[in-house]
Amino acid sequence: MRHSTTARRPRRAILAAVAAAAALVLSACSGGGSAAPTTELVDSGQEVDSITVAFPGSLANLYIGQEAGILNYYLAATVQEGLVGIGADGQFGPAIASEWETPDDTTYVFTLRDDATFQNGDLVTPEDVVFSLEQAANPETSPNTAYYLMSLDSVKKTGDHEVTVTTTAPDASFLTALSNVGALTVTQQKFWEDNDGKVGTSQSLLMGTGPYEVTEFQPNSHVTLERVDTWWGELPKVKQIRVDFIPDENTRLLAAQKGDIDIAFNVPLNQAEQWKKIGDGRVEAVNDLSYVGLMFDQNVAPFDDPDVRAAIASAVDRDAIVDKLLRGYGEKATTIMTPESLSKAYSAEEARKLLAGITQHDFDLDQAKKLLEKSGSADGFTTELTFPNTGPQLGTAAQSLAENLKEIGITVKVREVPLEEWLATIGDGEHGLGFMWYFSTTGDPAEVNSYMLGLENPNHFENQEAVDLVAQSGATTDPAERIDVLLELEQLNADQTVNAPLWWGQSLTYFDNGIGVHDFTPYTFLGSWGSQLFATK
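The rules behind each value
Residues numbered from 1 in each chain as written. Predicted model: local features only at pLDDT ≥ 70, side-chain atom pairs only at ≥ 80, totals over all residues. Heavy atoms only, no water. Helix = DSSP H or I, 4+ residues; strand = E, 2+ residues; numbered from the N terminus. Rg over C-alpha atoms; globule rule 2.2 N^0.38 Å. Buried < 20%, exposed > 50% of the residue type's maximum accessible area, 1.4 Å probe, protein only. Contact = heavy atoms within 4.5 Å. Areas by Shrake-Rupley, 256 points an atom, 1.4 Å probe, with all protein chains shown as cover. 1 Å grid on protein atoms, 1.4 Å probe; cavity = no way out; pocket = protein on both sides within 12 Å on 5 of 7 lines; lining within 4 Å. Points joined across faces, edges and corners; volume = space filled by probe spheres on them. Nonpolar A, V, L, I, M, F, W, Y, C, P; charged D, E, K, R; others polar. Phe/Tyr/Trp six-rings, centres within 6.5 Å; stacked < 30°, edge-to-face > 60°. Lys NZ or Arg CZ within 6 Å of the ring centre and 35° of its normal. Pairing = 2+ DSSP bridges. Axes fitted to C-alpha atoms, helices over the stretch in contact; angles between N-to-C directions. Patch = residues over 30% accessible without salt bridge, like charges linked within 9 Å, V, L, I, M, F, W, Y side chains within 5 Å. Salt bridge = Lys/Arg side-chain N within 4 Å of Asp/Glu carboxyl O. Lys, Arg positive; Asp, Glu negative; His and termini not counted. Charge placed at Lys NZ, Arg CZ, Asp CG, Glu CD. Parallel < 35°, antiparallel > 145°, perpendicular 65-115°, else oblique. Left-handed = near helix turned anticlockwise from the far one by under 90°. Core = buried A, V, L, I, M, F, W, Y, C linked by side-chain atoms within 4.5 Å.

Colleague: Tell me about the overall build of the protein chain, and name the residues and values.
Modeller: Each helix and strand in the protein chain was counted, giving 16 helices and 19 strands. Radius of gyration (C-alpha) of the protein chain: 23 Å, near the 24 Å computed for a compact globule of 537 residues. Dimensions of the protein chain along its principal axes, counting C-alpha atoms only, are 70 × 55 × 40 Å. Within the protein chain, the proportion of its 537 residues that are buried is 61%. For the protein chain, the share of sequence-separated contacts (at least 6 apart) that also reach a separation of at least 24 residues comes to 73%. Counting only carbon and sulfur atoms, one obtains 45% of the accessible surface of the protein chain, whose full area is about 19,900 Å².

Colleague: How would you summarise the layout of surface pockets if you had to cite specific residues and measurements?
Modeller: Any space left empty among the atoms is revealed by the rolling of a water-sized probe across them. By volume, the second largest pocket amounts to about 500 Å³. Forming the boundary of the second largest pocket are 18 residues, of which Y108, A172, L175, K344 and T477 lie nearest the centre. Looking at the lining of the second largest pocket, the elements with two or more residues in it are strand 4 (97-104), helix 4 (174-177) and helix 16 (479-496). Taken together, the residues of the lining of the second largest pocket sort by class into eight nonpolar, four polar and six charged.

Colleague: Go over the packing of aromatic side chains, please, and point to the residues and values.
Modeller: The geometry of two aromatic rings is summed up by the distance between their centres and the angle between their planes. Enumeration according to the criterion identifies 21 aromatic pairs in this entry. Ring plane angle 70° and centroid distance 5.7 Å describe the contact between F520 and F525, whose orientation is recorded as edge-to-face. Judged on exposure class, the residue F520 and its partner F525 are both buried. A connected cluster of aromatic rings, assembled from ring pairs, spans F55, Y74, F245, F265, F511, F520, F525 and W529. Taking NZ or CZ as reference, R113 lies 3.4 Å from the ring centre of W232, over its face.

Colleague: I'd love a proper account of the environment of L508, names of residues and values included.
Modeller: With respect to the helices, strands and loops of the structure, L508 is situated in strand 17 (residues 499-512). In this structure, the C-alpha to C-alpha distance between L508 and D288, residues 220 residues apart in sequence, is 9.0 Å. Aside from chain neighbours lying at most four places away, what touches L508 is A264, F265, N266, V267, L269, A272, V283, E284, A285 and Y329.

Colleague: Outline the environment of L487, listing residues and values.
Modeller: By secondary structure assignment, the location of L487 is in helix 16. Expressed as a C-alpha distance, the spacing of L487 and V165, which sit 322 residues apart in the sequence, is 30 Å. L487 has contacts with M337, L354, L355 and I358, leaving out every residue within four places of it along the chain.

Colleague: Pulling in residues and values, what's your account of the pairing of strand 14 (residues 381-388)?
Modeller: Counting buried positions along strand 14 gives six out of eight residues, so the element sits mostly inside the fold. Strand direction decides the pairing type here: strand 14 and strand 15 (residues 410-417), joined by eight bridges, are parallel. Counted as the bridge partner of F381 is I410 from strand 15.

Colleague: Which residues make up the sheet that holds strand 7 (residues 162-167), and what are the values?
Modeller: Spatial ordering of the open sheet is given by 4-5-7-6, a layout of four strands whose pairing is antiparallel. Each edge of the open sheet carries a strand with a single partner, namely strand 4 and strand 6 (152-159). With direction set aside, neighbouring strand axes in the sheet form an average angle of 20°. Bridge analysis of strand 4 against strand 5 (residues 107-112) gives five bridges, and the strand direction is antiparallel.

Colleague: Outline the environment of G454, supporting the account with residue identities and numerical values.
Modeller: Residue placement: G454 occurs in the loop between helix 14 (447-453) and helix 15 (464-475). Along the primary structure G454 and L489 are separated by 35 residues, whereas in three dimensions their C-alpha atoms are 9.6 Å apart. Contacts of G454, omitting those with residues within four sequence positions, involve N449 and V470.

Colleague: Describe the side chain of T338, and please don't skip the residues or the numbers.
Modeller: If you trace the backbone, T338 turns up in the loop between strand 13 (330-332) and helix 10 (348-356). With a relative accessible area of 6%, T338 lands in the buried category. T338 has contacts with L289, S290, L355 and W504, leaving out every residue within four places of it along the chain.

Colleague: I'd like a rundown of a negative patch on the surface, residues and numbers included.
Modeller: Together, E465, D468, D478, E481, D484, E488 and D495 make up a region of like negative charge exposed at the surface. Those elements giving two or more residues to the negative patch turn out to be helix 15 and helix 16. The element best represented in the negative patch is helix 16, accounting for four residues. For D478, the position within the fold is in the loop between helix 15 and helix 16.

Colleague: Go over the pairing of strand 8 (residues 212-218), please, and point to the residues and values.
Modeller: As defined by bridge partners, strand 8 adjoins strand 9 (residues 222-227) across six bridges and the pair is classed as antiparallel. Looking at the pairing, E213 lines up with E226 of strand 9. Hairpin geometry of strand 8 and strand 9 is characterised by an intervening segment of three residues between the two adjacent antiparallel strands and by a positive phi of about 65° at N220.

Colleague: Lay out the packing of helix 15 against helix 16 with the relevant residues and their values.
Modeller: The interhelical angle for the contact between helix 15 and helix 16, taken along N-to-C directions, is 160°, at an axis separation of 9 Å. Viewed along their axes, helix 15 and helix 16 adopt a mutual orientation that is roughly antiparallel. Viewed along their axes, helix 15 and helix 16 form a crossing whose handedness is left-handed. Taken together, the residues of helix 16 that come into contact with helix 15 (itself represented by E465, A466, L469, V470, Q472 and S473) are R482, V485, L486, E488, L489 and L492.

Colleague: I'd like a rundown of the nonpolar core, residues and numbers included.
Modeller: Generally speaking, a soluble globular protein has its nonpolar side chains buried in company with each other. Core analysis: the biggest nonpolar cluster contains 149 residues, and F55, I241, L294 and F435 have the highest contact counts within it. Not counting residues within four places of it along the chain, the set of residues in contact with I241 comprises I51, V53, Y212, V223, T224, L225, W529, G530 and L533.

Colleague: I'd like a description of the packing of helix 8 (residues 306-314) against helix 11 (residues 365-374), backed by residues and values.
Modeller: Remark: helix 8 packs on helix 11, axes separated minimally by 8 Å, with the N-to-C direction vectors making an angle of 165°. In terms of orientation, helix 8 and helix 11 fall into the roughly antiparallel class. Crossing geometry of helix 8 relative to helix 11 is assigned as left-handed. On the side of helix 8, the interface is formed by D307, V308, A310, A311 and S314, while helix 11 contributes L365, Q367, A368, L371, L372 and K374. Within the contact of helix 8 with helix 11, the residues separate by chemical class into seven nonpolar, two polar and two charged.

See the structure below:
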């Protein structure tokens, strides 16, 4: 019996979910969310002395190689850059590298900006980039990013402003790894060495090239960011950003009601109406690239039986979960990959049609009962389904599922557990039925399904065809052709009910109406978001 493989695969995204989940509480909100903001504000062109941003969780370290929750990525995105960056449209573009070329499928030649400058005023050198990439790929110095650079073969300075990176084999997602939303945040070699590699702490802070520098960090309290004039982009309008860590949702709401918060990430769903009533403020919903689904550990009987898995999947009423439990702040998932992750080849509408073509387990209790009778567990059984205490909406969905499964003879004991305990249940060989809750930071279409179906997946699903499809998707560089391969992988998942997709999530963000943000999309906070803020008229 194998144990969970999550130690090999960093639990970045799962932990990311946890960080965000502190605010995603379900039950009492009303009114569905929309995929795009509905409020348009006009940029006054004026500067803003300071704003306060509330995070729904705390940070203990700012370096994503050491601590890689979604909040770490949000903060780092406006402080540090990779060779490339992700735009509001989900497409990768220049960051520290002004341009690049790929002379063959395993070679990337980057031309560095001649004005790329660290926040201390020193120019970025090719040596800094080489050093940063080597550290990001080192599992000892960067345990949370090394996995994503496993195909890295070499990185060398090949010119005064040029770095050449090679991979051991074609890797369609490799460019993603060289961005700040993947694995690379370029820092200064001297800064790193002066701090013995212990960066991201309250003593060392961070050194990057983004539009803001960290000037103060008190773990579990706040971070202060000051704008710099060393960034290659336009000077931000907001001079100072203070990020307060306020895990308690009621405390966060009270602070907003008192006017102490200008922006709040991840407004709790159950408090959405209260936040909406705050004078001169607004709440905007946006798809957050998250996936929630059921997973079945095939090392645990009877979940090694495909008819049992299919019976459970047929007992899930996804429409009711989204409409009644999530109140519309989410979307029924037809696959593991989200529509937005197909953006390199398809519009969101086109993507939804493609993904809807995958075989679905529609809600049908009669069919669920027939499938269970056909299985080796016709008399039913008892199992446990845990959910993290930071994700009560998963608990509500679990209760709904338990009620349905009771109708066909399966008893599900739903149990809320602390975060770390829940993480430990994933693929532990003891919990056959579980939740997967994954926030994608890269938007790569293979990020989640390759984890759930590829080598050493937490479902303990052993299938050479799946492994081959994951490898093929990595080696296929044409976006549309790559998605075709991944659709085959998703169809394989559906045929064997390895995972049962439930919903794609949304996040709510509160803004004071005095503050606007350009190009608010699922990717905004993964880019240099501080530079996108403006004072409204």
